[in-house]
Amino acid sequence: MTAVATREQIVAAADRLFYHHGYEHTSFADIAGAVGLSRGNFYYHFKSKDAILDAVIDARLADTRRMLEQWEAEASTPAGRIMRYVEIVLTNRADIQDYGCPVGTLTTELAKLEHAMLGRASRLFALFRTWLREQFALLGQAEQADELAMHVLAFSQGVAVMANAFRDEAFIQREVERMRDWLHTYEK
C-alpha cells in the first residue's frame, strides 16, 4: 500500500472513531489499531492527534463540497437543493440516532475542550451556511437569505440532537415533512 493510501486509511478511521467515540476519547492506539499499523508506522504519517484532526476536517470539507456539487447537479431548483440538505437527517438517520450529527458533535466537543481547532471545524457549518444562503437568494429571498440559512441549520441540529436523545424515527419523518411544508411557502 502506498503512503498516500495509508494516510487516507488513517484519516478515514480517525474520522469514524472521532464520530463514534469523540475526539478526546480516541487515542493514537485506537486509530493505529483500526488501520492495523504499528505505532512507529503510524507516527510516520501523523506526529500528533491534532494533525490527524486537521486532516479529518480537511477530508470532511472536501466531502461536503462534493456533496453540495452533487446536489447542485441533481436538483433543478433552489428549493429542491435546500430539501436535499434537510433530508440529510433522513438519509443518515441511523448514524444520527446512534451518534448525533458528525459536525455538531465535533464542534460541540471541541468547544467544551476550548480546542484551538474549533474554528477550523466550524468551517463545515460555514460551508453549509454559505451554500444555503445562496440557495435562498436564488429563491428571491436575498434580504433574509442568511437568516433563513441559519434557520435550516438550526432545524437540522435540533432534529439531530432529539433523534440522538430519543431515537424516534417517526419524529425525524414528521420534522422533515414540516420543514418541507415550510420551504414550500418560499417557492415561487
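Residues numbered from 1 in each chain as written. Predicted model: local features only at pLDDT ≥ 70, side-chain atom pairs only at ≥ 80, totals over all residues. Heavy atoms only, no water.

## Topic: the nonpolar core
With 60 residues, the main nonpolar core has Ile52 and Tyr85 as its most contacted residues. Ranked by residue count, the leading element in this core is helix H10 (residues 145-166), at 9 residues. Contact partners of Tyr85, with chain neighbours within four places excluded, come to Trp71, Phe128, Trp131, Leu132, Val152, Leu153 and Ser156. (Core = buried A, V, L, I, M, F, W, Y, C linked by side-chain atoms within 4.5 Å. Buried < 20%, exposed > 50% of the residue type's maximum accessible area, 1.4 Å probe, protein only. Helix = DSSP H or I, 4+ residues; strand = E, 2+ residues; numbered from the N terminus. Contact = heavy atoms within 4.5 Å.)

## Focus: unusual backbone geometry
Located in the positive-phi region is Glu114, a residue other than glycine, with phi close to 50 degrees. Following the sequence through the fold, Glu114 ends up in the loop between helix H8 (102-112) and helix H9 (118-138).

## Here we look at the packing of helix H4 (residues 49-74) against H8
Taken N-terminus to C-terminus, the directions of H4 and H8 make an angle of 150 degrees; their axes are 13 Å apart at the nearest point. By the angle between their axes, H4 is roughly antiparallel relative to H8. Where H4 crosses over H8, the two elements pack in a sense that is left-handed. When H4 is examined against H8, the residues Leu53, Ile57 and Arg60 are found in contact with a partner set consisting of Pro102, Val103, Leu106 and Leu110. Of the residues in the contact of H4 with H8, the class split is 6 nonpolar, no polar and 1 charged. (Axes fitted to C-alpha atoms, helices over the stretch in contact; angles between N-to-C directions. Parallel < 35°, antiparallel > 145°, perpendicular 65-115°, else oblique. Left-handed = near helix turned anticlockwise from the far one by under 90°. Nonpolar A, V, L, I, M, F, W, Y, C, P; charged D, E, K, R; others polar.)

## What about the pattern of salt bridges?
Here the structure, examined in full by the defined rule, presents 12 salt bridges. Close ionic contact of Arg93 with Glu169 constitutes a salt bridge, the shortest N to O distance being 2.8 Å. Of this pair, Arg93 sits in helix H7 (residues 93-99) while Glu169 sits in helix H11 (residues 169-184), and the two are 76 residues apart along the sequence. Assessed through its relative accessible area of 37%, Glu169 is described here as partly exposed. (Salt bridge = Lys/Arg side-chain N within 4 Å of Asp/Glu carboxyl O.)

## Here's the deal with the environment of Tyr85
Structurally, Tyr85 is set in helix H5 (residues 78-86). In this structure, the C-alpha to C-alpha distance between Tyr85 and Leu153, residues 68 residues apart in sequence, is 9.1 Å.

## Description of H10
The end-to-end C-alpha distance of H10 is 31 Å, a good match for the 32 Å that 22 residues give at a rise of 1.5 Å each. Those residues of H10 that fall on the buried side of the exposure criterion are Ala145, Leu148, Ala149, Val152, Leu153, Phe155, Ser156, Gln157, Val159, Ala160 and Ala163. Buried residues in H10 make contact with H5, helix H6 (88-91), H7, H8, H9 and H11. Backbone geometry just after H10 places Arg167 at a positive phi near 50 degrees. (Expected span 1.5 Å × (residues − 1).)

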